[in-house]
Amino acid sequence: MSSVGKVTNVFWQECSIGKFERQKLLNQKGCVVWITGLSGSGKSTLACTLSKDLHARGKLSYILDGDNLRHGLNKDLGFKVEDRVENIRRVGEVARLFADAGLICIASLISPYRRDRDACRALLPDFSFIEVYLNMPLELCEARDPKGLYKLAREGKIKGFTGIDDPYEPPLNCEIEIRPQDGL
Ligand SMILES: Nc1ncnc2c1ncn2[C@@H]1O[C@H](COP(=O)(O)OS(=O)(=O)O)[C@@H](OP(=O)(O)O)[C@H]1O
Ligand SMILES: Nc1ncnc2c1ncn2[C@@H]1O[C@H](COP(=O)(O)OP(=O)(O)O)[C@@H](O)[C@H]1O
């Protein structure tokens, strides 16, 4: 018996088919590629390109995209600090399940807070957690503005927009940092 979060009397159930058996079946290792950066920095584009490339190599991947998850799993969440924290916590847990299932899980979310990204990394001590920082200047992201959200934020029609009037904390020790001159 153990105590988990708010409840007690819950038990961990083991199965003889585990992570290693699944990895053998799929001929790959589960891991998480966590893409972080401002809106418009290219997270979804990179996630899709990576997934297509892996697919072509016969590797099974799955994308957890912030925008998409907010249509379902996270549709009860907004953009206040506590909602973003819960958003990242949930996606970290889902990413852990996908990695445990043996997939290459590609999470692409703004994930503005360093502490939350680090907490996701800490959830995955037995897997590779590859943090990819799309270090694109705000001016570039704002010039792209494919959804017109920066314009609305500048006009004050969206409050708390990341990079405008809400913070983004860049990673200090990410595995991969991509800058505009890297020519992606
Ligand atoms: N206030 C505010 N701030 C930032 N982003 C906003 C906001 N309102 C809506 N959007 C749109 O939501 C997308 C970001 O969702 P995420 O789940 O990745 O955000 S977060 O990680 O919880 O910060 C983000 O998508 P991307 O442009 O793909 O990053 C925006 O389209
Ligand atoms: N490497 C790149 N070079 C030029 N434009 C890009 C690049 N990556 C993405 N874009 C464009 O920038 C915009 C934002 O990309 P997107 O992947 O939607 O970013 P995010 O998911 O971070 O909001 C889109 O119009 C996309 O086509």
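Every value quoted in this text rests on a predicted model; they were computed, and no experiment measured them.

Definitions and limits used
- Residues numbered from 1 in each chain as written.
- Chains lettered and ligands numbered in written order.
- Predicted model: local features only at pLDDT ≥ 70, side-chain atom pairs only at ≥ 80, totals over all residues.
- Heavy atoms only, no water.
- Helix = DSSP H or I, 4+ residues; strand = E, 2+ residues; numbered from the N terminus.
- Contact = heavy atoms within 4.5 Å.
- Near = heavy atom within 4 Å.
- Polar contact = N/O pair within 3.5 Å; in protein donor to acceptor, adjacent residues only side chain to side chain.
- Areas by Shrake-Rupley, 256 points an atom, 1.4 Å probe, with all protein chains shown as cover.
- 1 Å grid on protein atoms, 1.4 Å probe; cavity = no way out; pocket = protein on both sides within 12 Å on 5 of 7 lines; lining within 4 Å.
- Sits in = over half its atoms within 2 Å of the grid points.
- Points joined across faces, edges and corners; volume = space filled by probe spheres on them.
- Nonpolar A, V, L, I, M, F, W, Y, C, P; charged D, E, K, R; others polar.
- Phe/Tyr/Trp six-rings, centres within 6.5 Å; stacked < 30°, edge-to-face > 60°.
- Buried < 20%, exposed > 50% of the residue type's maximum accessible area, 1.4 Å probe, protein only.
- UniProt positions renumbered as here; feature names shortened; annotations may be inferred.
- Pairing = 2+ DSSP bridges.
- Axes fitted to C-alpha atoms, helices over the stretch in contact; angles between N-to-C directions.
- Arc of directions from axis to C-beta.

Enquirer: Lay out the environment of A95 in plain terms, naming residues and giving numbers.
Expert: Structurally, A95 is set in helix 4 (residues 81-101). Each residue touching A95, except ones within four places of it in the same chain, is listed here: V32, L64 and C105.

Enquirer: Report on the site of ligand 1, specifying residues and quantitative values.
Expert: Lining the immediate surroundings of ligand 1 are 20 residues, of which S39, R84, N87, S111 and K147 lie closest. Here D67 contributes a side-chain N or O atom positioned 3.3 Å from an oxygen atom of ligand 1. Contact distances for ligand 1 include 2.8 Å between an oxygen atom and a side-chain N or O atom of R70. With the chains in place, 92% of the 620 Å² that ligand 1 exposes on its own is no longer accessible. At a threshold of 2 Å from the grid points, most atoms of ligand 1 map onto the largest pocket.

Enquirer: Could you give an account of the layout of surface pockets, naming the residues involved and the relevant values?
Expert: Space inside the largest pocket adds up to approximately 610 Å³. What lines the largest pocket is a set of 29 residues, and nearest its centre among them are S39, K43, D67, I110 and K147. Secondary-structure elements contributing two or more residues to the lining of the largest pocket are helix 2 (43-56), helix 3 (66-69) and helix 4. In the lining of the largest pocket, the residues fall into nine nonpolar, 12 polar and eight charged. Estimated volume of the second largest pocket: approximately 450 Å³.

Enquirer: Tell me what's going on with the side chain of R117, and back it up with residues and numbers.
Expert: If you trace the backbone, R117 turns up in helix 5 (residues 114-123). Residues within four places of R117 in sequence aside, it is in contact with W34, T36, S111, P112, F129, E131, Y168, E169, P170 and P171.

Enquirer: Break down the packing of aromatic side chains for me, with residues and values.
Expert: On inspection of all chains with the given rule, the structure shows four aromatic pairs. Consider the rings of Y133 and Y168, whose centres lie 5.9 Å apart with planes at 20°: the pair is stacked. Placement of Y133 in strand 6 (residues 128-134) and of Y168 in the loop between helix 7 (149-154) and strand 7 (176-178) is noted, with a sequence separation of 35 residues between them. Take Y133 and Y168: they sit in the same class, and that class is buried. Ring geometry for Y150 against F161: centres 4.9 Å apart, planes inclined by 75°, an arrangement best described as edge-to-face. Remark: F161 occurs in the loop between helix 7 and strand 7 and Y150 occurs in helix 7; sequence separation between them is 11 residues. Residue class for Y150 comes out buried when judged on its relative accessible area of 1%.

Enquirer: Can you break down the UniProt feature "domain: APS kinase" (unreviewed entry) in the chain residue by residue, with the values?
Expert: Look at the UniProt record and you will see "domain: APS kinase" (unreviewed entry) annotated at residues 29-178. For residues 29-178, the end-to-end C-alpha separation is 24 Å, with 41% helix and 17% strand making up the annotated structure.

Enquirer: Before we move on, could you go through the sheet that holds strand 6 and cite the residues and values that matter?
Expert: Strand order in this open sheet of five strands is 4-5-3-6-7, and the pairing throughout is parallel. The two strands at the open ends of the sheet, each matched to only one other strand, are strand 4 (61-65) and strand 7. Pairwise comparison of adjacent strand axes, ignoring direction, gives a mean angle of 15° for this sheet. Pairing of strand 3 (residues 31-36) with strand 6 involves six bridges; the strand directions are parallel.

Enquirer: A description of helix 5 should follow, citing residues and the corresponding values.
Expert: Of the residues making up helix 5, those classed as buried are D116, R117 and C120. One side of helix 5 carries all its buried residues, which in axial view fall inside an arc of 100°. The exposed residues of helix 5 that point more than 90 degrees off its buried face are R115 and A122. Residues of helix 5 that are buried make contact with strand 3, helix 4 and strand 6.

Enquirer: Which residues make up unusual backbone geometry, and what values go with them?
Expert: The phi dihedral of N9 falls on the positive side, at around 60°, and the residue is not glycine. Located in the positive-phi region is N27, a residue other than glycine, with phi close to 55°. With respect to the helices, strands and loops of the structure, N27 is situated in the loop between helix 1 (19-26) and strand 3.

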